[in-house]
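Structural features, examined
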Amino acid sequence: VPITHIGGAGCPLIKKKSMPSYCAPLIEKWANLIKDERFDNLIITNALDSEELDPLYLRELFEYLGQFSGNVVYLSPRPYYTIAVRNFLRGKALGALPVDEEVVNFYENIPMIIANNIQVLNTHELVCGELTTCFVKDNTLQYVDPVHLTVEAASNLAKHIIKKIE
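As a convention, each chain's residues are numbered from 1 in the sequence order in which they are written. Whole-chain, interface and lining totals are the exception, using all residues; otherwise, since this is a predicted model, local features are given only for residues with pLDDT of at least 70 and side-chain atom pairs are given and counted only at 80 or more. To obtain the side-chain values, all non-hydrogen atoms of the structure were included, while hydrogens and water were left out.

**Quick look at the nonpolar core**
Nonpolar cores were defined as sets of buried Ala, Val, Leu, Ile, Met, Phe, Trp, Tyr and Cys residues, with membership established by side-chain atoms within 4.5 Å. Any residue under 20% of the maximum accessible area for its type is buried, any over 50% is exposed, and the rest in between are partly exposed; the area is computed with a 1.4 Å probe on protein chains only. With 20 residues, the main nonpolar core has Ile-44, Leu-61, Leu-65, Tyr-74 and Phe-106 as its most contacted residues. Runs of H or I in DSSP of at least four residues are treated as helices and runs of E of at least two as strands, each being numbered from the N terminus. Contributing elements (two or more residues each) for this core: helix 1 (23-34), strand 1 (42-45), helix 2 (55-66) and strand 2 (72-75). Tallying contributions element by element places helix 2 first for this core, with five residues. The contact criterion used is simple: two residues touch if any of their non-hydrogen atoms lie within 4.5 Å. Those residues in contact with Leu-61 that lie beyond four places of it in its chain are Leu-13, Ile-14 and Tyr-74. Grouped together as the second largest cluster of nonpolar side chains are 12 residues, Leu-75, Leu-121, Val-127 and Tyr-143 included.

Here it is as structure tokens:
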């Protein structure tokens, strides 16, 4: 089973105008690894900055990824709780936690660009369920920092992903 991984370091999945200089070699290396493979499933997750939330960029990204698999599963941006984490670490009450704006923008743009072989999993629904915010859910932390899930929350999310691709 072909498996590959790219991630981290604040790099996009395809080259774009503004990105750290160290991203281009990373993207090129990953592209070379996957260019001759055909994956049954391609599961993608990536934090998106404001430039990447543009519908044209998203369409280009999905068209690029779609050539490597008949089934691309894109995990939508998880709710990011930058303010919540700061408050939590300072011992402040969490109260109502606004989801960072880029997540909201993603859901506004996504209906315009979905191709047939692209599934977008709404990670907010999968992680939070009916809750509007879920930095803490059922008295359990779901995040270890503004963007990374706890082991338990990641395990629960993985179960949903597996159901989607089976």
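**Here we look at the environment of Phe-68**
You can see Phe-68 is positioned in the loop between helix 2 and strand 2. In sequence terms Phe-68 and Asp-40 are 28 residues apart; their C-alpha atoms lie 8.6 Å from each other. Dropping the residues within four chain positions of it, Phe-68 is found in contact with Ile-34, Lys-35, Glu-37, Arg-38, Phe-39 and Leu-42.

**Let's talk about the environment of Pro-12**
Its place among the elements puts Pro-12 in the segment before helix 1. Exposure remark for Pro-12: the relative accessible area of 2% places this residue in the buried category. As a C-alpha pair, Pro-12 and Leu-48 span 36 residues in sequence and 7.6 Å in three-dimensional space. When neighbours within four sequence positions are excluded, Pro-12 is seen to be in contact with Met-19, Cys-23, Ile-27, Asn-46, Glu-52 and Tyr-57.

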